[in-house]
Amino acid sequence: RGAGIAGLALAVALNAFDDEQKFAVDLYEAASELSETGAGINVWPRIWQCLKEIGLEETLIPLLDHYPDLEPRIVFEMRKADQENGFKITDAMKEGGILSIHRADFQRSFIEHLPLLGSNVKMSSICNLHLSHRLINYDFTATGHISLSFVDKPITTCDILVGADGIKSTVRRLFLTRLPNPEKYEMFLDPVWSGSMAYRELVDKNELKKIDPGHRALDHPGLMHCVVYPVSGGKFMNVVAMAHDKSKKGAAWEGLWNQEVTQEEFLEKFKGWEDEFQALIRVRSCISVHIKNIRPYVLRQCIPQPTRWALHDLNHLDVFANRRVFLLGDSVGSFHVY
Ligand SMILES: Cc1cc2nc3c(=O)[nH]c(=O)nc-3n(C[C@H](O)[C@H](O)[C@H](O)COP(=O)(O)OP(=O)(O)OC[C@H]3O[C@@H](n4cnc5c(N)ncnc54)[C@H](O)[C@@H]3O)c2cc1C
């Protein structure tokens with residue numbers, strides 16, 4: 001349940017491996033259309049192997065920033081940039097490097113490979129995508145099925161329920177409160193603020209070239225505490241600048257998790273950092289991505305100004321399957337990379 005990256009990947013993977021055509025997948029998504037937040041996803045070589053196994057290689061290769069071989073590459077150039085005169089610390093190298101891809105491209109690739117009726121995908125496990133289906137409850141029936149209740153939609157049943165409904169998961173809450181010892185899991189019901197704020201922005205490479213033609217981010221992938229990497233075949237750069245406050249880890253966060261902020265707030269937060277970093281966040285960009293031919297599965301993105309994300313974590317869960325209910329992706333543990 002949930003058509004984020006985890007739910008979509010599971011549906012595509014089941015179809016890829018279901019030689020005996022045993023599965024029929026129903027993907028229930030609360031939103032009325034598929035959209036995504038954030039601009040970049042980094043894929044390590046091991047994950048690339050998994051993506052190949054489930055048949056995404058051909059679709060993804062043109063969308064990557066470099067060809068997925070095992071050549072040693074710089075993953076991050078690490079700099080101390082939070083002072084007027086920044087300096088390089090080291091280059092982190094890895095065989096195969098790290099593959100960067102725009103989230104919208106990544107999600108669209110999974111959608112293209114969903115075995116939906118009427119699509120051209122080779123079908124083993126037929127998949128139905130049900131938009132505007134917000135799950136609010138599940139129960140085990142006397143016949144051994146699982147009944148699913150949604151907001152303003154009829155009840156339906158399934159044999160196996162996989163909760164891939166993200167960090168605020170409804171399935172996780174129901175699942176944990178129905179375990180034999182629910183009091184042990186009270187601290188896992190809600191996400192907690194990690195104490196970190198991510199300011200992020202998409203920077204148009206050509207705009208940056210105009211104001212600072214020698215900027216190292218044009219040719220090198222990263223800065224310390226601020227991660228910069230190319231997306232959309234190098235046309236844009238994803239900039240994620242992190243402000244951490246360890247004393248706030250675990251504190252309650254009041255307010256929106258993601259919101260637009262002014263460029264002034266972004267600049268103020270990183271005041272005193274080296275000029276090269278300041279140049280990077282002064283570039284403004286506005287991008288609109290509207291992907292043809294996949295209606296109603298429209299991916300939208302428009303970033304007229306920077307956004308600020310209060311990054312949340314989940315306490316580490318020691319159970320993610322019970323009877324025929326499973327938790328997957330961010331519903332079982334958050335995977336923000338910092
Ligand atoms: C700043 C940042 C950078 C990151 N960078 C990387 C990276 O480089 N590489 C990487 O691998 N990961 C990265 N991550 C982590 C990655 O983004 C997440 O792990 C991933 O998006 C989680 O996917 P998901 O499908 O589990 O959850 P989600 O993407 O949250 O999807 C859950 C879906 O379920 C739906 N839903 C919710 N509730 C219900 C309900 N009750 N009924 C039906 N549907 C429901 C939602 O609408 C949503 O579509 C990053 C995260 C952050 C914050």
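Worth saying up front: this structure is predicted, and the values here are computed from it rather than measured.

A. Focus on the sheet that holds strand β18 (residues 321-322). The three strands lie next to each other as β10-β19-β18, forming an open sheet whose pairing is mixed. Because the sheet does not close on itself, it has two edges, and the strands there are β10 (161-163) and β18. Pairing analysis gives three bridges linking β10 to strand β19 (residues 325-327), with the strands arranged parallel. Bridging across to β19, Leu161 finds its partner in Val325. Where helix α5 (residues 170-177) meets the sheet, its contacts fall on β10, β18 and β19, and the angle it forms with β19 comes to roughly 125 degrees.

B. Highlighting the sheet that holds strand β17 (residues 307-313). Strand order across the open sheet formed by five strands is β12-β13-β11-β17-β14, with antiparallel pairing between neighbours. Only two strands of the sheet have a single neighbouring strand rather than two, namely β12 (226-231) and β14 (258-260). With direction set aside, neighbouring strand axes in the sheet form an average angle of 25 degrees. Bridge count between β14 and β17: three bridges; the pairing is antiparallel. Among the inter-strand pairings, Glu260 is bridged to a residue of β17, identified as Thr307.

C. Looking closely at the site of the ligand. Near the ligand there are 25 residues, and of these Ala6, Glu29, Asn42, Arg103 and Asp330 occur at the shortest range. Leu135 is positioned with one of its backbone polar atoms (N or O) 3.0 Å from a nitrogen atom of the ligand. Thr170 places a polar side-chain atom, nitrogen or oxygen, 3.3 Å from a nitrogen atom of the ligand. Protein burial of the ligand: of its 1000 Å² of free accessible surface, 78% is covered by the chains. When contributions to the shell around the ligand are tallied by element, the ones reaching two or more residues are α1 (5-17), β2 (40-43) and β17. The residue inventory of the shell around the ligand, partitioned by class, reads 12 nonpolar, eight polar and five charged.

D. Summary view of the pairing of strand β9 (residues 153-158). As judged from the four bridges shared by strand β8 (residues 146-150) and β9, these two strands associate in the antiparallel manner. Following the sheet pairing, Leu148 is matched in β9 by Thr156. Here β8 hands over to β9 after two residues, with Asp152 in that stretch at a positive phi of 55 degrees.

E. Region of the structure containing the nonpolar core. Core analysis: the largest hydrophobic core is formed by 26 residues, its most contacted members being Val43, Leu60, Ile101, Phe106, Phe110 and Leu114. Of all elements in the fold, only α1, β1 (24-28), β2, α2 (45-53), β5 (99-102), α4 (103-112) and β6 (126-130) reach the threshold of two or more residues within this core. Of all the elements, α1 adds the most residues to this core, at four residues. Apart from residues lying up to four places away in sequence, Val43 is in contact with Trp48, Leu51, Ile98, Leu99, Ile101 and Phe106.

F. Main features of the pattern of salt bridges. By the definition in use, this model includes 10 salt bridges. Between Asp69 and Arg73 there is a salt bridge, with its nearest N and O atoms 2.6 Å apart. Residue class for Asp69 comes out partly exposed when judged on its relative accessible area of 25%. For the salt bridge of Asp105 with Arg108, the shortest nitrogen-to-oxygen distance reads 3.1 Å. Remark: Arg108 and Asp105 occur in helix α4; sequence separation between them is three residues, near one turn of the helix. Neither residue differs from the other here; Asp105 and Arg108 are each classed as buried.

G. Region of interest: helix α8 (residues 275-282). For α8, a buried count of six out of eight residues is recorded, marking the element as mostly surrounded by other parts of the structure. Within α8, burial applies to Glu276, Phe277, Gln278, Ala279, Leu280 and Ile281. Summarising the contacts, the buried residues of α8 are in contact with β3 (72-80), β11 (192-204), α6 (205-211), β12, β13 (236-244) and α7 (263-269).

H. Quick look at the packing of aromatic side chains. A complete count under the given rule lists seven aromatic pairs for this structure. Look at Tyr28 and Phe150: their rings are 4.6 Å apart centre to centre, the planes differ by 40 degrees, and that puts the pair in the tilted class. With Tyr28 in strand β1 and Phe150 in strand β8, this residue pair connects regions lying 122 residues apart in the sequence. The residues Tyr28 and Phe150 share a single accessibility class, namely buried. Ring geometry for Phe270 against Trp273: centres 5.1 Å apart, planes inclined by 85 degrees, an arrangement best described as edge-to-face. Neither residue differs from the other here; Phe270 and Trp273 are each classed as buried. Every member of this aromatic cluster is reached through a ring pair, and the members are Phe266, Phe270 and Trp273. Geometry around Trp257 places Lys168 over its ring, the cationic atom sitting 4.2 Å from the centre.

I. Up close: the environment of Asn322. If you trace the backbone, Asn322 turns up in strand β18. Relative accessible area serves as the criterion here: at 30%, Asn322 is assigned to the partly exposed category. Sequence-wise, Asn322 and Phe175 are 147 residues apart; in three dimensions their C-alpha atoms are separated by 8.0 Å. Excluding its chain neighbours within four sequence positions, the residues that come into contact with Asn322 are Phe175 and Leu179.

Parameters and conventions
- Residues numbered from 1 in each chain as written.
- Predicted model: local features only at pLDDT ≥ 70, side-chain atom pairs only at ≥ 80, totals over all residues.
- Heavy atoms only, no water.
- Pairing = 2+ DSSP bridges.
- Helix = DSSP H or I, 4+ residues; strand = E, 2+ residues; numbered from the N terminus.
- Contact = heavy atoms within 4.5 Å.
- Axes fitted to C-alpha atoms, helices over the stretch in contact; angles between N-to-C directions.
- Near = heavy atom within 4 Å.
- Polar contact = N/O pair within 3.5 Å; in protein donor to acceptor, adjacent residues only side chain to side chain.
- Areas by Shrake-Rupley, 256 points an atom, 1.4 Å probe, with all protein chains shown as cover.
- Nonpolar A, V, L, I, M, F, W, Y, C, P; charged D, E, K, R; others polar.
- Core = buried A, V, L, I, M, F, W, Y, C linked by side-chain atoms within 4.5 Å.
- Buried < 20%, exposed > 50% of the residue type's maximum accessible area, 1.4 Å probe, protein only.
- Salt bridge = Lys/Arg side-chain N within 4 Å of Asp/Glu carboxyl O.
- Phe/Tyr/Trp six-rings, centres within 6.5 Å; stacked < 30°, edge-to-face > 60°.
- Lys NZ or Arg CZ within 6 Å of the ring centre and 35° of its normal.

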